[in-house]
Amino acid sequence: MNVQQKLEILADAAKYDASCASSGAKRSGNGKGVGHSDGMGICHSYTPDGRCVSLLKILLTNFCTYDCVFCVNRISSNIQRARFTPDEVVKLTLDFYKRNYIEGLFLSSGIIQSPDYTMEQLIQVAKSLRTVHHFGGYIHLKAIPGASERLIEQAGLFADRLSANIELPTQQDLVQLAPEKKTAVIESTMNKIALHKDEADEDRRKLPSTPKFTAAGQSTQMVVGATPATDREILKTATHLYGQYKLRRIYYTGFSPYPDADARLPLKPAPLIREHRLYQSDWLMRFYGFTAAELTSEEEPSLSLTEDPKTTWAKSHPEFFPVDVNAAPREVLLRVPGIGYRNVERILSIRKYHRLLIDDLKKLHVRLKNALPYLIAIDHIPHQQPAADEAQPFTQLDLFAPLSALTGSL
């Protein structure tokens, strides 16, 4: 098998890993012009300062000794297998980079022989790129749960970001679908990364020449919809991971059925809108001061699929509104539907010079349709709170159905 054939297999296998953002575009070249985007191989990720970077996203191998039911690369899966050598990955990365196709590497792998052996193979790629070829691009490595502390420390010195996948929301889910994996082992790896990063950051404050350790932090991935775990359980796990291990990001990926799948898996994919609501809730918890317990309840453990979680919360807390846009503090304005956190900062800044009118909010592109029922401005007082049953159910459009995609009709 030549390198190109391996690349086709291992780039396709890596598309199921959502630990870095990807465009997911589906547009093949026609052989006449230039450009080819089929949702694998090269993905796009966004840095904290908003830059979009292109990454070569591949697996070192899709061989795996584990038998995770939800994973297409599990040992019992009847798929074509391939394996790169570390030198092949290094050469591919440098060749793509020199052609200006990519700005970095996302490298994951199935588990071969043992967690330590697999981690050593991944580190060998990153170490060669950094120390032999002096590669200055972005490197995201998969941290293999169960790998030794010495290897995690080495990986963090060469990689910009590490990610140990939590895989499923609860230990019970792992017992059911991924018996070789343990929540305690995965979190132990996250803890090692967090501790080493804290130590390195502290050392760098005293001695700036101290090498950086995972400068872009750590992230993880959680599969949604493969088990009956509720949104409340998922958000509770997310809150724990953010608080305990200082994760920069959790990626939620809806489960998609595949041929000849295990009978324990659902036959239907998780709704994309559910994945979207989880990302909205995740954003509210990280940047808007909400807690997981506020966004769901024991009685309603699932997020609404018909309206965003911020609006749902606002409708269930009429005692909190209306809010005076010219007097409310930052943490209160953040809870008004239709106002994003950047606009809250702009509103607070403008208030130093004059009181705001509705026209001022229009200029800030505040979503007035959502915000007006909850806001008081100089020239606006809401007549009444929207009723909880005003939300109009909608049907998600299918991007790949020609009629709905072109006309918008359902």
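Residues numbered from 1 in each chain as written. Predicted model: local features only at pLDDT ≥ 70, side-chain atom pairs only at ≥ 80, totals over all residues. Heavy atoms only, no water.

1. Re the pattern of salt bridges
As a reminder of what qualifies: Any Lys or Arg side-chain nitrogen located within 4 Å of an Asp or Glu carboxyl oxygen qualifies as a salt bridge. We count a stretch as a helix when DSSP gives it H or I for four or more residues in a row; a strand needs E for two or more, and each element gets its number in order from the N terminus.
Applying the stated criterion to the full structure yields 15 salt bridges. The shortest N-O distance in the salt bridge between Glu-202 and Arg-205 comes to 2.9 Å. Here Arg-205 and Glu-202 lie together in helix α6 (residues 183-206), a separation of three residues that amounts to about one turn. Through salt bridges with shared partners, one network takes in Glu-202, Arg-205 and Lys-206.

2. Let's talk about the environment of Pro-309
What counts here: Any two residues whose heavy atoms approach within 4.5 Å are treated as being in contact.
For Pro-309, the position within the fold is in helix α10 (residues 309-315). Along the chain, Pro-309 and Thr-296 lie 13 residues apart, while their C-alpha atoms are 8.7 Å from each other. For Pro-309, the contacting residues outside a window of four places in its chain are Arg-277, Gln-280, Ser-281, Leu-284, Leu-295 and Leu-303.

3. Details of the nonpolar core
The cut-off we apply is this: For the purposes of this section, nonpolar cores are sets of buried Ala, Val, Leu, Ile, Met, Phe, Trp, Tyr and Cys residues that join through side-chain atoms within 4.5 Å. Think of it in three bands: residues with accessible area under 20% of the maximum for their type are buried, residues over 50% are exposed, and the middle band is partly exposed, with areas taken using a 1.4 Å probe on protein chains only.
In this structure, Ile-58, Phe-70, Leu-107, Met-119, Leu-141 and Leu-361 are the most contacted members of the largest nonpolar core, which totals 102 residues. Setting aside residues no more than four positions away along its own chain, Leu-141 makes contact with Leu-107, Leu-122, Ala-126, Ala-155, Ala-159, Arg-161, Leu-162 and Ser-163.

4. A word on the packing of α6 against helix α7 (residues 231-245)
Applicable threshold: Helix axes are fitted only over the stretch in contact, all axes being lines through C-alpha atoms; the angle between N-to-C directions runs from 0 to 180 degrees.
Where α6 meets α7, the axes come as close as 10 Å, and the angle between the chain directions of the two elements is 35°. Side by side, α6 and α7 meet where Glu-187, Met-190, Asn-191 and Ala-194 of the first sit next to His-240, Leu-241 and Tyr-245 of the second.

5. Notes on the confidence of the model for the protein
The condition that has to hold: Residue-level confidence of the predictor, termed pLDDT, takes values from 0 up to 100.
On average, residues of the protein score 85 in pLDDT, and 85% of them reach the 70 mark or higher. Note on residues 401-410: pLDDT under 50 across the span, and 11 contacts to partners over four residues away in sequence or across chains.

6. Side note on a negative patch on the surface
Put simply, the test is: Residues enter patches when their relative accessible area tops 30% and they take part in no salt bridge; the joining distance is 9 Å for like charges and 5 Å for the nonpolar side chains Val, Leu, Ile, Met, Phe, Trp and Tyr. The protein chains shown are the only cover counted for residues, whose accessible areas, like all others here, come from Shrake-Rupley with a 1.4 Å probe. Counted as positive: Lys and Arg. Counted as negative: Asp and Glu. His and the chain ends are not counted at all. To locate a charge, take atom NZ for lysine, CZ for arginine, CG for aspartate or CD for glutamate.
A grouping of Glu-149, Glu-153, Glu-199 and Asp-203 is seen on the molecular surface, where their side chains present a negatively charged patch. For the negative patch, the secondary structure elements donating two or more residues are α4 (149-158) and α6. Among the secondary structure elements, Asp-203 is positioned in helix α6.

7. Re the environment of Tyr-279
Quick note on the threshold: Whenever two N or O atoms come within 3.5 Å, that pair is a polar contact, provided that in protein one can donate a hydrogen and the other can accept it, and provided that, for residues adjacent in sequence, both atoms are side-chain atoms.
Here Tyr-279 shows up in helix α8 (residues 272-287). Tyr-279 gets classed as partly exposed once you look at its relative accessible area, which sits at 22%. Placed 26 residues apart in sequence, Tyr-279 and Thr-253 show a C-alpha to C-alpha distance of 10.0 Å. Other than its neighbours up to four places away in sequence, Tyr-279 contacts Arg-249, Ile-250, Tyr-251 and Tyr-252. For Tyr-279, the side chain forms a polar contact with the main-chain nitrogen of Tyr-252, separated by 2.9 Å.

8. What about the environment of Ile-123?
For Ile-123, the location among the structural elements is in helix α3 (residues 115-132). Put simply, Ile-123 and Leu-151 are 28 residues apart on the chain and 7.9 Å apart in space, counted from C-alpha to C-alpha. In this structure Ile-123 touches Leu-151, Gln-154, Ala-155 and Phe-158, once residues within four positions along its chain are discounted.

9. Quick word on α8
Note the cut-off: Given a helix with a known number of residues, its expected span is that number minus one, times 1.5 Å.
Taking 1.5 Å per residue, 16 residues should reach 22 Å; α8 reaches 23 Å between its end C-alpha atoms and fits that length. Within α8, the full set of buried residues consists of Ile-273, Arg-274, Glu-275, Arg-277, Leu-278, Ser-281, Asp-282, Leu-284 and Met-285. Check the buried side of α8 and you find it contacts β6 (218-224), α7, β7 (249-254), α9 (292-295) and α10. One or two positions beyond α8, positive phi appears at Gly-289, with a value near 80°.

10. Structural notes on the pairing of β7
To keep it simple, the criterion reads: When DSSP finds two or more bridges between a pair of strands, those strands are recorded as paired. For crossovers, right-handed means that the path from the first strand over the helix to the second runs clockwise, given strands pointing away from the viewer.
Burial analysis of β7 places five of its six residues in the buried class, which makes it a mostly covered element. As paired strands, β6 and β7 are joined by six bridges and run parallel to one another. Counted as the bridge partner of Val-223 is Thr-253 from β7. Handedness of the β6-α7-β7 crossover: right-handed.

11. Side note on α6
For α6, spanning 24 residues, the distance from its first C-alpha to its last is 35 Å, which sits close to the expected 34 Å at 1.5 Å a residue. Taken residue by residue, α6 has Thr-183, Ile-186, Glu-187, Thr-189, Met-190, Lys-192, Ile-193, Ala-194, His-196, Lys-197 and Ala-200 as its buried positions. If you follow the buried residues of α6, they end up packed against α4, β5 (161-163), α5 (171-177), β6 and α7.

12. Thoughts on the packing of α3 against α4
Which entries qualify depends on this criterion: For classification, angles of less than 35 degrees are called roughly parallel, those exceeding 145 degrees roughly antiparallel, those between 65 and 115 degrees roughly perpendicular, and all remaining angles oblique. Should the near helix be turned counterclockwise from the far one by less than a right angle, the crossing is left-handed, whereas a clockwise turn marks it as right-handed. As a working rule, the residues Ala, Val, Leu, Ile, Met, Phe, Trp, Tyr, Cys and Pro are called nonpolar, Asp, Glu, Lys and Arg charged, and the rest polar, with Gly in that last group.
At a minimum axis separation of 9 Å, α3 and α4 run at an interaxial angle of 30°. One finds that α3 runs roughly parallel with respect to α4. Relative to α4, α3 is oriented so that their crossing is left-handed. Residue-level contacts link Asp-116, Met-119, Glu-120, Ile-123, Ala-126, Lys-127, Arg-130 and Thr-131 of α3 to Arg-150, Leu-151, Ile-152, Gln-154, Ala-155 and Phe-158 of α4. Class assignment for the residues of the contact of α3 with α4 results in seven nonpolar, two polar and five charged.

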